[in-house]
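A look at the structure
So you can see what is in the structure, the chains are spelled out below.
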Amino acid sequence: MGTEYADDDTRLLHQYIDKCSNWGRWGPDDQLGALNLVGPEEVRRAAALVRKGIPISLTLPYDQAGPQPGGFRNNPQLLVTATGTDHVSGAQDQLPGGFGPAKGFGFSDDVLVMPTQCGTQWDSLSHIFWEGKMWNGRSAGQVTSGGAAANGIENYTGRVVMRGVLVDLPAHRGVESLEPGEAITPDAIEEVFAAHDLTVRPGDALLVRTGFMAARRGHWGDYAGGPAPGLSLHTAPWLREHDIAAVATDTWGVEVRPNEVGYFQPLHIVSLVHGGIAFGEMFDLDELAAYCAEDGVYEFMFVASPLPITGGSGAPVSAVAIK
């Protein structure tokens, strides 16, 4: 006799979890998840895609003009503690820290204050919990005020080097942006692949451009957390079947908002917590999309290592695509 569920949404979610789970696939001690699919062969294959030697930044500036409305998360704040005006005014004639007279030497220094997930960033495998567990069946109780004792973002550092494939849906459809609440299905992804003669391979990063960042840039409104286009929950089996290692989008939360079922961020529950897929959010894909449209090549080397913040639930990243 099968498990009884209270409603269809719960039944579907559990079916997808059972179908897409990678718990134990790389051993009971694993903290890397689907990035295990990226080894030396995959990195060499990605490097072979570099033909022009052009690096393209995929990262939003970390400044006060970012997308965060405040409250839950704020935009980064740069606190300048030593300035050029200090130097020219003579305030630095005596160097701090016992270094002695400046003798013409001057410097600037600053402090950055920011939530780790306020801009272009990776979620860690300790970021989302489901029924008391996180990636690979570990207890959510391992994440304390001291950070994550397991599955922290530092496990991704140095490992996000792979083949990237861009899915530019608005360009394919001849629109500026997908609409808030528009769910991206596997069929929609496959349609773009067919148009550009693309395939995905195990260990690839799927970069999905919705155009939503371009539509809201500078006038963010409810971009962070409000209704948005994004991946459908029904992409979860497709991502698992194709062994996608990472997904990055130009939206706040990767998946469609409002969510399609009566659970908050269900694709995170299925594909991040249970599938171990790396989720990248607020990636700036507009310049990359322009380059791809110009040369007709939608695959590239993707390098996006996060800061090694020990125990972090996520981390900023200076991501690049190299064509």
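Before going into details, it helps to say that this report is about the structure given with it.

Rules of the game
Residues numbered from 1 in each chain as written. Predicted model: local features only at pLDDT ≥ 70, side-chain atom pairs only at ≥ 80, totals over all residues. Heavy atoms only, no water. Pairing = 2+ DSSP bridges. Helix = DSSP H or I, 4+ residues; strand = E, 2+ residues; numbered from the N terminus. Axes fitted to C-alpha atoms, helices over the stretch in contact; angles between N-to-C directions. Core = buried A, V, L, I, M, F, W, Y, C linked by side-chain atoms within 4.5 Å. Buried < 20%, exposed > 50% of the residue type's maximum accessible area, 1.4 Å probe, protein only. Phe/Tyr/Trp six-rings, centres within 6.5 Å; stacked < 30°, edge-to-face > 60°. Parallel < 35°, antiparallel > 145°, perpendicular 65-115°, else oblique. Left-handed = near helix turned anticlockwise from the far one by under 90°. Contact = heavy atoms within 4.5 Å. Nonpolar A, V, L, I, M, F, W, Y, C, P; charged D, E, K, R; others polar. Salt bridge = Lys/Arg side-chain N within 4 Å of Asp/Glu carboxyl O. Arc of directions from axis to C-beta.

**Describing the sheet that holds strand 11 (residues 205-209)**
- In space, the nine strands of this open sheet follow the order 1-17-15-9-11-13-14-6-16, with mixed pairing throughout. With partners counted over all chains shown, the strands left at the sheet margins are strand 1 (55-57) and strand 16 (314-316), one partner each. Geometrically, the sheet is characterised by an average inter-axis angle of 30° between neighbouring strands, direction not taken into account.
- As defined by bridge partners, strand 11 adjoins strand 13 (residues 246-249) across four bridges and the pair is classed as parallel. If you follow Val208 over to strand 13, its bridge partner there is Thr249.

**Some words on unusual backbone geometry**
- In this chain, Arg257 is followed by Pro258 through a cis amide linkage whose omega measures 0°.
- Considering the arrangement of structural elements, one finds Pro258 in the loop between strand 13 and helix 8 (266-274).
- Backbone geometry at Glu131 places phi at a positive 50°, although glycine is not the residue there.
- Within the secondary structure, Glu131 sits in the loop between strand 6 (121-123) and strand 7 (143-144).

**A short note on the nonpolar core**
- Counting residues in each nonpolar core, the largest one holds 70 residues, and the members touching the most others are Trp122, Leu206, Leu207, Phe283 and Phe302.
- Core analysis: the next-biggest nonpolar cluster, separate from the first, contains nine residues, Leu60, Trp220, Tyr223 and Ala228 among them.

**Section: the packing of aromatic side chains**
- On inspection of all chains with the given rule, the structure shows eight aromatic pairs.
- Residues Trp26 and Trp135 carry aromatic rings whose centres are separated by 6.4 Å and whose planes lie at 40° to one another, so their mutual orientation is tilted. Separated by 109 residues along the polypeptide, Trp26 in the loop between helix 1 (8-20) and helix 2 (40-47) and Trp135 in the loop between strand 6 and strand 7 bring together distant segments of the chain.
- Judged by relative accessible area, which is 25%, Trp26 ranks as partly exposed.
- Ring centres of Trp130 and Tyr263 lie 5.7 Å apart, and the angle between their planes is 70°; this geometry places the pair in the edge-to-face category.

**Some details on the packing of helix 1 against helix 8**
- Contact geometry for helix 1 and helix 8: axes closest at 9 Å, N-to-C directions at 20°. When the interaxial angle is binned, helix 1 and helix 8 end up roughly parallel. Here helix 1 runs over helix 8; the crossing is right-handed. Packed against helix 1, whose contacting residues are Leu13, Tyr16, Ile17 and Cys20, the element helix 8 presents Pro266, Ile269, Val270 and His274 at the interface.
- Here the residues of the contact of helix 1 with helix 8 sort into seven nonpolar, one polar and no charged.

**With respect to the environment of Gly71**
- Counting through the fold element by element, Gly71 comes out in the loop between strand 1 and strand 2 (77-82).
- Linking Gly71 and Thr249, residues 178 residues apart in sequence, is a C-alpha distance of 23 Å.

**Quick notes on the side chain of Thr10**
- Considering the arrangement of structural elements, one finds Thr10 in helix 1.
- Residue Thr10 is classed as buried on the basis of its relative accessible area of 10%.
- Aside from chain neighbours lying at most four places away, what touches Thr10 is Tyr5 and Tyr263.

**Regarding the environment of Leu166**
- Counting through the fold element by element, Leu166 comes out in strand 9 (residues 161-168).
- Among the residues examined, Leu166 registers a relative accessible area of 0% and is labelled buried.
- Separated by 131 residues in the primary sequence, Leu166 and Val297 have C-alpha atoms spaced 9.2 Å apart.
- Excluding residues within four positions of it along the chain, Leu166 makes contact with Leu198, Leu207, Arg209, Leu285, Leu288, Ala289, Cys292, Tyr298 and Phe300.

**Examining the pattern of salt bridges**
- As enumerated under the stated definition, the model contains 14 salt bridges in all.
- Measuring nitrogen to oxygen at the nearest pair gives 2.9 Å for the salt bridge that ties Arg209 to Asp286. Linking Arg209 in strand 11 with Asp286 in helix 9 (residues 286-295), this pair joins segments that are 77 residues apart in sequence.
- Through salt bridges with shared partners, a single ionic network connects Asp168, Arg209, Arg217, Asp284 and Asp286.

**Observations concerning helix 5 (residues 186-195)**
- Every buried residue of helix 5 is accounted for by Pro186, Ala188, Ile189, Val192 and Phe193. The buried residues of helix 5 occupy one face: seen down the axis, they fall within an arc of 165°. More than 90 degrees from the buried face of helix 5, the exposed residues found are Asp187 and Ala194.
- Where helix 5 is buried, its residues meet strand 9, helix 4 (169-173), strand 10 (183-184), strand 11, strand 12 (230-231) and helix 7 (236-241).
- Note on helix 5: the residue one or two positions beyond its end, Asp197, has a positive phi of about 55°.

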